[in-house]
Amino acid sequence: MSIINVNNLTFCYDGSYDNIFENVSFSVDTDWKLGFIGRNGRGKTTFLNLLMGKYNYSGTIASSVAFDYFPFEVADVSRFTIDIAREVSRDVPDWKIKRELKLMNVSDDVMYRAFNTLSNGERTKILIASLFLRENNFLLIDEPTNHLDTEARERLSEYLNKKSGFILVSHDRSFIDSCCDHILSINRSTIEVKSGNFSSWQREKMRRDELERQQNERLKKDIERLNEASLRIASWSDKIEATKIGDGSCDRGNIGAKAAKMMRHSKAVESRIERSIEEKEKLMKDVEYEEWLKIRPLEYFSDRMIALNDVSLKYGERAVVNGISFDVRRGDRIALCGNNGCGKSSIIKLMLGELEPTGGEINVGSKLRVSYVPQDASFLRGYLKNYPSECAIDETLFFTILRKLDFKRVQFEKRMEELSEGQRKKVLLARSLCESAHVYIWDEPLNFIDVFSRIQLERLILESCPTMVFVEHDKAFVEKTATKRINL
């Protein structure tokens with residue numbers, strides 16, 4: 001057992017005046033299975049990089065363990081997987097590597113295939129297992145579930161549950177619940193460590209937030225009262241000074257002295273009030289406000305919007321979709337479920353008309369308007385402030401939605417290439433929420449999206465009841481929002 005001690009950590013990126021961390025202190029036991037959560041852009045990956053020694057900072061981070069990081073960069077992906085596993089694990093014997101990978105349900109034959117022929121899920125499992133074979137090292141795992149299907153997430157969570165000693169950044173609530181025993185959360189103004197899984201942390205957080213909201217309402221009233229008092233006091237000397245003006249005789253020198261004395265007194269009182277306001281405002285920082293989002297679905301004239309009848313699709317000789325039939329009707333929220341490679345994204349492309357079926361037929365309703373969120377957001381380029389006009393959407397609404405998804409105003413001036421993966425995905429979601437459509441088709445919309453935004457989107461869908469077809473591996477999200485599941 002070892003302790004990672006963080007004391008008075010302060011950090012901001014070069015050229016930035018906005019501290020990501022300011023005088024942060026906490027301790028972590030290296031035997032803990034620590035789930036690391038927080039809004040996109042709050043500094044989770046930055047903190048892991050600070051542990052890895054990548055940036056200069058003020059304060060101290062003290063630990064007797066060395067850190068390893070996932071995702072792990074592989075220099076030559078054309079090599080056999082066994083050679084890469086040997087390199088990552090630092091030449092651990094092959095029998096130990098194979099034994100470890102069996103815990104991940106990775107078969108021996110995978111080890112003698114080129115690494116670049118493996119799926120993202122297989123690569124993730126092999127690299128994490130190989131990193132755990134390193135002795136006396138503490139593993140930092142940064143969002144391993146992105147692009148993993150439901151089955152692969154379950155395998156990975158079972159594996160991690162048998163381990164001790166890691167920090168796991170994830171936004172998948174079910175995944176964190178299944179393999180973590182402590183939670184490290186970056187809140188609006190603090191970092192806290194709590195025993196338990198995500199569900200227990202969320203229950204406690206909701207209870208504390210409600211108490212803090214009630215306190216905030218009282219503090220807001222106090223601040224309003226203090227501001228009114230400050231304005232009254234500021235006017236005292238002005239009123240006295242005003243008595244110098246007029247036709248009557250008066251001792252203007254004496255009045256001026258009284259006004260100056262009253263000015264000094266009022267300034268002292270104002271300073272005390274301002275300090276009191278600042279102290280009260282500091283107490284109001286930590287409530288996580290999950291603001292309400294809205295969507296504007298259009299009414300379609302027919303109950304049935306899209307129909308797939310015995311649809312098949314091949315890429316060359318390989319069958320991707322085989323004999324799929326289902327309807328999309330008004331009010332449906334259909335989740336396409338299944339392992340990676342089973343054809344979920346291909347079905348979405350068939351619906352969008354980007355692909356033609358090799359068998360069966362697909363009928364899309366006349367003049368049907370579709371809003372689409374693709375799986376990949378890396379294509380976004382240019383300044384964010386220009387994006388609404390490029391997409392012909394309402395600029396005010398677009399930026400209002402991003403603010404509700406916890407974007408800071410300073411980010412509106414950035415290029416989209418500079419945004420994090422989660423922030424770019426939020427750009428695509430905000431655009432879709434600005435679009436009035438009959439059907440909303442979202443392909444893995446929650447990749448890289450923080451847990452609080454996921455909860456906001458769940459509430460939006462349950463309140464607005466749009467017609468949707470979506471692919472998503474977040475088990476909790478699917479269970480709460482889907483009215484139908486198509487298992488592929």
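Residues numbered from 1 in each chain as written. Predicted model: local features only at pLDDT ≥ 70, side-chain atom pairs only at ≥ 80, totals over all residues. Heavy atoms only, no water.

Caption draft 1: Quick peek at the side chain of Ser371. Mapped onto the elements of the fold, Ser371 is located in strand S14 (residues 370–373). With relative accessibility at 0%, the residue Ser371 sits in the buried group. Side chain to side chain, Ser371 and Ser432 meet in a polar contact 2.6 Å long. In this view, Ser371 contacts Ser432, Glu435, Ala437, Val439, Tyr440, Ile441 and Trp442; residues no more than four positions away in its chain are not counted. (Helix = DSSP H or I, 4+ residues; strand = E, 2+ residues; numbered from the N terminus. Buried < 20%, exposed > 50% of the residue type's maximum accessible area, 1.4 Å probe, protein only. Polar contact = N/O pair within 3.5 Å; in protein donor to acceptor, adjacent residues only side chain to side chain. Contact = heavy atoms within 4.5 Å.)

Caption draft 2: Summary view of empty space enclosed by the protein. Counting across every chain of the model gives one cavity of 30 Å³ or more. In this structure, the largest cavity spans a volume of roughly 40 Å³. Forming the boundary of the largest cavity are Glu143, Thr145, Asn146, Arg153, Ser170, His171, Asp172, Leu446, Asn447, Phe448 and Arg454. The residue makeup of the lining of the largest cavity, split by class, is two nonpolar, five polar and four charged. (1 Å grid on protein atoms, 1.4 Å probe; cavity = no way out; pocket = protein on both sides within 12 Å on 5 of 7 lines; lining within 4 Å. Points joined across faces, edges and corners; volume = space filled by probe spheres on them. Nonpolar A, V, L, I, M, F, W, Y, C, P; charged D, E, K, R; others polar.)

Caption draft 3: Structural detail: the packing of aromatic side chains. This structure, assessed with the given rule, holds 17 aromatic pairs. Pairing Phe11 with Tyr13 gives two aromatic rings, centres 5.0 Å apart and planes at 80°, and the pair type is edge-to-face. You can call Tyr13 partly exposed: its relative accessible area is 32%. With 6.1 Å between their ring centres and 65° between their planes, Trp201 and Phe452 make a pair best called edge-to-face. Separated by 251 residues along the polypeptide, Trp201 in helix H7 (residues 198–234) and Phe452 in helix H14 (residues 451–464) bring together distant segments of the chain. Residues Trp201 and Phe452 agree in their burial class; the two are buried. Across the ring face of Tyr69, the terminal group of Lys54 is positioned such that the distance to the ring centre comes to 5.8 Å. For Lys385, the ring lying beneath its charged end belongs to Tyr383, and the centroid distance is 5.6 Å. (Phe/Tyr/Trp six-rings, centres within 6.5 Å; stacked < 30°, edge-to-face > 60°. Lys NZ or Arg CZ within 6 Å of the ring centre and 35° of its normal.)

So yeah, pure geometry; function would need other evidence.
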